Amino acid sequence: MQSVRAGAEALRDARNQFERDGVEIKTLRRCDPEGRDGTELPACFKVYLPAPNGKFGMVFRFVRDADGIALRYLALGVRHHPRNSHAQIVYEVAHRRLPGWPARQFGSLGNLVPKLVPDSTELSTDLDGGRTAGVSHLLTQVSLLS
Amino acid sequence: MEQPPHIKVSGALEGEFIITEERSANEFVITRDTSWEAMLGKGERAATAEEVAALEAEHGPFQPADGEG
């Protein structure tokens, strides 16, 4: 339970930070296309939460829509198995969400969907469908789906 | 791997679901579809490697993979 609470808190903090400051491209780390644990995360990127090296990870993929390139959240979770736990780590969750795998529900944290739009001075933040403008640089559009 | 049947639900529940169990002809267990495809918004597609490379060229390099996953 403590881990779930800590995860939810990390998620909220990350969401707030993405809304406020966005995600700079240089903070994104490439995922291993073929991880040592057997996961395959081609074209995926990640950040650690809390930054710079927290116990949680958030995995993204870039998407393209009419507004340009954005980042879409794929999974959030612990980076390593807690001791005596068989809980899925973030890389396993992300791996199973990619094509070729049946979908899995991701706990009770909901789906955070940040979008990163580079090099714009008029970016928006989308939370639960609402839109507000005015974030200054590389930033994130976030919506929390139920 | 065989993909589970996919359905769209509207009413008390809304959204994309998959059937995870068929208990009888009239009884099913469904779970929300949280696959990558279901996450994509309308008019959205995965960015190509070239598009991501262009982004990196313009804004600086991503951090390299660290072997963790």
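Below is a short write-up of the structure.

**As for the overall build of chain A**
Thought 1: Within chain A one finds 2 helices and 8 strands.
Thought 2: From first element to last, N terminus to C terminus, chain A shows the α and β order α-β-β-β-β-α-β-β-β-β.
Thought 3: For chain A, with 146 residues in total, the buried portion stands at 42%.

**Quick look at the nonpolar core**
Generally speaking, soluble globular proteins have nonpolar side chains that are buried together.
Thought 1: Membership of the largest hydrophobic core comes to 35 residues, with the highest contact counts inside it found for A:C44, A:M58, A:V59, A:F60, A:L74, A:V90 and A:A94.
Thought 2: When residues of this core are traced back to their parent elements, those giving at least two are α1 (2-20), β2 (44-49), β3 (56-65), β4 (68-78) and α2 (90-97) of chain A together with α1 (36-39) of chain B.
Thought 3: With 7 residues, the single largest contributor to this core is β4(A).
Thought 4: With residues up to four places along the chain from it excluded, the contact list for A:V90 reads A:G57, A:V59, A:A75, A:L76, A:G77, A:V78 and A:R79.

**Let's talk about the pairing of strand β1 (residues 6-9) of chain B**
Residues and elements named next belong to chain B.
Thought 1: Note: β1 against strand β2 (residues 15-24), 4 bridges, orientation antiparallel. In the sheet register, K8 faces β2, and the bridge partner there is E16.
Thought 2: The antiparallel pairing of β1 with β2 creates a hairpin that spans 5 residues between the two strands, and G11 there sits at a positive phi of about 130°.

**Some words on the interface of chain A and chain B**
Quite often, the size of an interface is put as the accessible area lost when its parts meet.
Thought 1: At the junction of the two partners, chain A supplies 39 residues and chain B supplies 35 residues.
Thought 2: Elements represented by at least two residues in the side of chain A that touches chain B include exactly β1 (29-30), β3, β4, α2 and β5 (111-117) of chain A.
Thought 3: The greatest single-element share of the side of chain A that touches chain B, amounting to 5 residues, is contributed by β3(A).
Thought 4: Classifying every residue of the side of chain A that touches chain B by side-chain character gives 20 nonpolar, 5 polar and 14 charged.
Thought 5: In terms of strand pairing, β3(A) meets strand β4 (residues 45-46) of chain B through 2 bridges, oriented antiparallel. Among the inter-strand pairings, A:R64 is bridged to a residue of β4(B), identified as B:R45.

The rules we used
- Residues numbered from 1 in each chain as written.
- Chains lettered and ligands numbered in written order.
- Predicted model: local features only at pLDDT ≥ 70, side-chain atom pairs only at ≥ 80, totals over all residues.
- Helix = DSSP H or I, 4+ residues; strand = E, 2+ residues; numbered from the N terminus.
- Buried ≥ 20, exposed ≤ 12 C-beta atoms within 10 Å, placed from the backbone.
- Core = buried A, V, L, I, M, F, W, Y, C linked by C-beta atoms within 7 Å.
- Contact = placed C-beta atoms within 7 Å.
- Pairing = 2+ DSSP bridges.
- Nonpolar A, V, L, I, M, F, W, Y, C, P; charged D, E, K, R; others polar.

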